[in-house]
Amino acid sequence: MGYLFLSFSLLAGATKGFCGKKMGNYAKETVTAVRMNLLRMGFCILFGVLMMLMMGEIGAFTLSPRVLLLSLLSGVSTALFVVTWLFAVRKSAYMMLDIFLTLGTVVPMITGIFLFGEPVLLRQWLGFGVLVAAAALMCSYNNAIKSRMTLSGFGLLVLCGLANGVTDLSQKWFVKSATGVPATVFNLYTYVFAALTLFLIWFFLFLRARGKNDGEREGAFPRRVILFVLVMSLMLILSSYFKTLAAGYLDSARLYPLNQGAALVLSTLMAAVFFGEKPNFKCIAGIVMAFAGLLIMNL
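Here's a quick rundown of the structure. Not measured: the values here are computed from a predicted model. (Residues numbered from 1 in each chain as written. Predicted model: local features only at pLDDT ≥ 70, side-chain atom pairs only at ≥ 80, totals over all residues. Heavy atoms only, no water.)

Looking at the overall build of the protein
Quick reminder of the rule: Each helix corresponds to a stretch of at least 4 residues labelled H or I by DSSP, and each strand to a stretch of at least 2 residues labelled E; elements are numbered beginning at the N terminus. Burial classes: relative accessible area under 20% of the type maximum marks a residue as buried, over 50% as exposed, and values in between as partly exposed (1.4 Å probe, protein chains only). Contacts were defined at the residue level, with two residues in contact if any of their heavy atoms lie within 4.5 Å. Using the Shrake-Rupley algorithm and a 1.4 Å probe, accessible areas are obtained, with residue cover drawn only from the displayed protein chains.
Tallying secondary structure elements over the protein gives twelve helices and zero strands in all. Listed N to C, the secondary structure of the protein is α-α-α-α-α-α-α-α-α-α-α-α in terms of helices and strands. Looking at the protein as a whole, 53% of its 299 residues qualify as buried. Restricting to contacts in the protein with at least 6 residues of sequence separation, those with at least 24 account for 88%. Surface accessibility of the protein: about 13,200 Å² in total, with carbon and sulfur atoms responsible for 71%.

Observations concerning the packing of aromatic side chains
Definition in use: Between 30 and 60 degrees the pair is tilted, below 30 it is stacked and above 60 it is edge-to-face, where a pair is any two Phe, Tyr or Trp rings, Trp via its six-membered ring, whose centres lie within 6.5 Å.
Considering all chains together, one arrives at eight aromatic pairs under this definition. On the basis of an interplanar angle of 85 degrees and a centroid distance of 6.4 Å, the ring pair of Trp125 and Phe128 is categorised as edge-to-face. Highlighted residues: Trp125 and Phe128, both in helix 6 (residues 122–145), separated by three residues, approximately one helical turn. Accessibility expressed as a relative area gives 9% for Phe128, which makes it buried. Taking 4.6 Å as the distance between ring centres and 15 degrees as the angle between the ring planes, the aromatic pair formed by Phe174 and Phe186 counts as stacked.

A look at the environment of Leu137
Mapped onto the elements of the fold, Leu137 is located in helix 6. On the basis of relative accessibility, which here comes to 26%, the residue Leu137 falls in the partly exposed class. Separated by 152 residues in sequence, Leu137 and Met289 place their C-alpha atoms 9.2 Å apart. In this view, Leu137 contacts Lys282, Ala285, Gly286 and Met289; residues no more than four positions away in its chain are not counted.

Some points on the pattern of salt bridges
Defined as follows: Whenever a carboxyl oxygen of Asp or Glu lies within 4 Å of a side-chain nitrogen of Lys or Arg, that contact is scored as a salt bridge.
Under the definition given, this model contains three salt bridges. Between Glu118 and Lys172 there is a salt bridge whose closest N-O contact spans 3.3 Å. Taken together, the residues Glu118 in the loop between helix 5 (106–115) and helix 6 and Lys172 in helix 7 (residues 151–177) connect sequence positions 54 residues apart. Just as Glu118 is buried, Lys172 falls in that class too. Between Lys176 and Glu118 there is a salt bridge; the shortest N-O distance is 3.6 Å. Residue Lys176 is located in helix 7, and its partner Glu118 is located in the loop between helix 5 and helix 6; the two are separated by 58 residues in the primary sequence. On the basis of relative accessible area, Lys176 is assigned to the partly exposed category, the value being 44%. Among the charged side chains, a network of salt bridges with common partners joins Glu118, Lys172 and Lys176.

Concerning the packing of helix 5 against helix 7
Quick note on the threshold: Note on method: axes are straight lines fitted to C-alpha atoms, helices fitted across the in-contact stretch only, with angles between N-to-C directions ranging 0 to 180 degrees. By convention the crossing between two helices is left-handed if the near helix lies anticlockwise of the far one by an angle smaller than a right angle, and right-handed if it lies clockwise. Side-chain classes follow a simple rule in which Ala, Val, Leu, Ile, Met, Phe, Trp, Tyr, Cys and Pro form the nonpolar group, Asp, Glu, Lys and Arg form the charged group, and the remainder, Gly included, forms the polar group.
In the contact formed by helix 5 and helix 7, the axes pass within 8 Å of each other and the chain directions differ by 35 degrees. With respect to the hand of their crossing, helix 5 and helix 7 are arranged in right-handed fashion. Counting all contacts with helix 5, which are made through Val107, Pro108, Thr111 and Leu115, the residues of helix 7 involved are Leu162, Gly165, Val166, Asp168, Leu169 and Trp173. Split by residue class, the contact of helix 5 with helix 7 holds seven nonpolar, two polar and one charged.

Describing the environment of Gly17
The topology assignment puts Gly17 in helix 1 (residues 2–24). Given a relative accessible area of 4%, Gly17 falls into the buried group. Spatially, the C-alpha atom of Gly17 lies 7.9 Å from that of Ser267, the residues being 250 residues apart in sequence.

Thoughts on the side chain of Lys243
Inspection of the secondary structure puts Lys243 in helix 10 (residues 225–246). Once residues within four sequence positions are removed from consideration, Lys243 is found in contact with Ser9, Asp168, Gln171, Leu255, Tyr256 and Asn259.

Considering a nonpolar patch on the surface
Applied cut-off: Exposure above 30% relative accessible area and the lack of any salt bridge qualify a residue for a patch; like charges then connect within 9 Å, and the nonpolar side chains Val, Leu, Ile, Met, Phe, Trp and Tyr within 5 Å.
A cluster of nonpolar side chains, contributed by Leu46, Leu50, Leu53, Met54, Met55, Ile58 and Phe61, occupies part of the molecular surface with about 680 Å² of accessible area. Take Met55: it is sitting in the loop between helix 2 (30–54) and helix 3 (65–91).

Structural notes on the nonpolar core
Defined as follows: Throughout this description, the term nonpolar core refers to a set of buried Ala, Val, Leu, Ile, Met, Phe, Trp, Tyr and Cys residues connected via side-chain atoms within 4.5 Å.
Formed by 60 residues in total, the largest nonpolar core has its most connected members in Met41, Phe81, Leu198 and Leu255. The contacts of Met41, once residues within four sequence positions are left out, are Val82, Tyr191, Ala194, Ala195, Leu198 and Leu236. Counting residues in each nonpolar core, the second largest holds nine residues, with Met52, Val67, Leu70 and Ala178 among its members.

A short note on the packing of helix 7 against helix 10
Stated precisely, the cut-off is as follows: Each angle is binned into one of four classes, with values under 35 degrees roughly parallel, values over 145 roughly antiparallel, values of 65 to 115 roughly perpendicular, and all other values oblique.
At their nearest, the axes of helix 7 and helix 10 sit 9 Å apart, and the two run at 50 degrees to each other. Taken together, the axes of helix 7 and helix 10 lie oblique to each other. Like other packed secondary-structure pairs, helix 7 and helix 10 cross with a definite hand, here right-handed. Contacts between helix 7 and helix 10 involve Asp168, Gln171, Phe174 and Val175 from the former and Ser240, Lys243 and Thr244 from the latter. Of the residues assigned to the contact of helix 7 with helix 10, the class counts are two nonpolar, three polar and two charged.

Structure follows, in structure tokens:
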């Protein structure tokens, strides 16, 4: 069942990535990116409530301090992830971003050893090392189709990967420590805290822009992006929900690297077909290495 739930999560995530790539073209200013994602979290909250109603779990709300703290961790890291993702996808090749998200899975892998008693075997560390080598090769590929990576671009990729890793950790922590609480509750609280975090960020940026008498122009974005935001919101909550369910069946060393590795393959196909990022020899070699690393980790 874990692999089935993960498959559903991957399909929703691929659709979300497509919309995110399209939406990223309009995020030219930080405040604009924050506003887009604040709207997205609002849609996620709406979809989250509707999902609970449809599944008959609307009465399962809990004010457990543990659930709230884990949801807060998930919400803050999600807010950081969605903003850095939009900027990173504009500065780097689409597949390059997925490589760093794969590397970010080291967060739940390492913490899983100490928090959940999920040991990482030697072959799994070996497989992760192959993923690191694939990342280095993909860096060269990125430079071939984009301008040479800047320090700020590299920092965005690292921050995006770490934020995603912390979000994965919070999902696993919830599954392990909040038995009996539906995943829909955790996801809904996550998006509430993410929305609050993004609102605080937006408010700070808005006040700063107002001080420069440029608030309205800087924060404006075309209405057509609302469709992308709406679809992306639905896919985000479905992807997160099914991945949370999968975390109840698969250990961290299998689930999160497998999720990001499979997403890398889907992203490669999507980038080549829709965004003109044609894979060259280095890209194909990097994908093969990443796939080999995943096989080693999941033997």
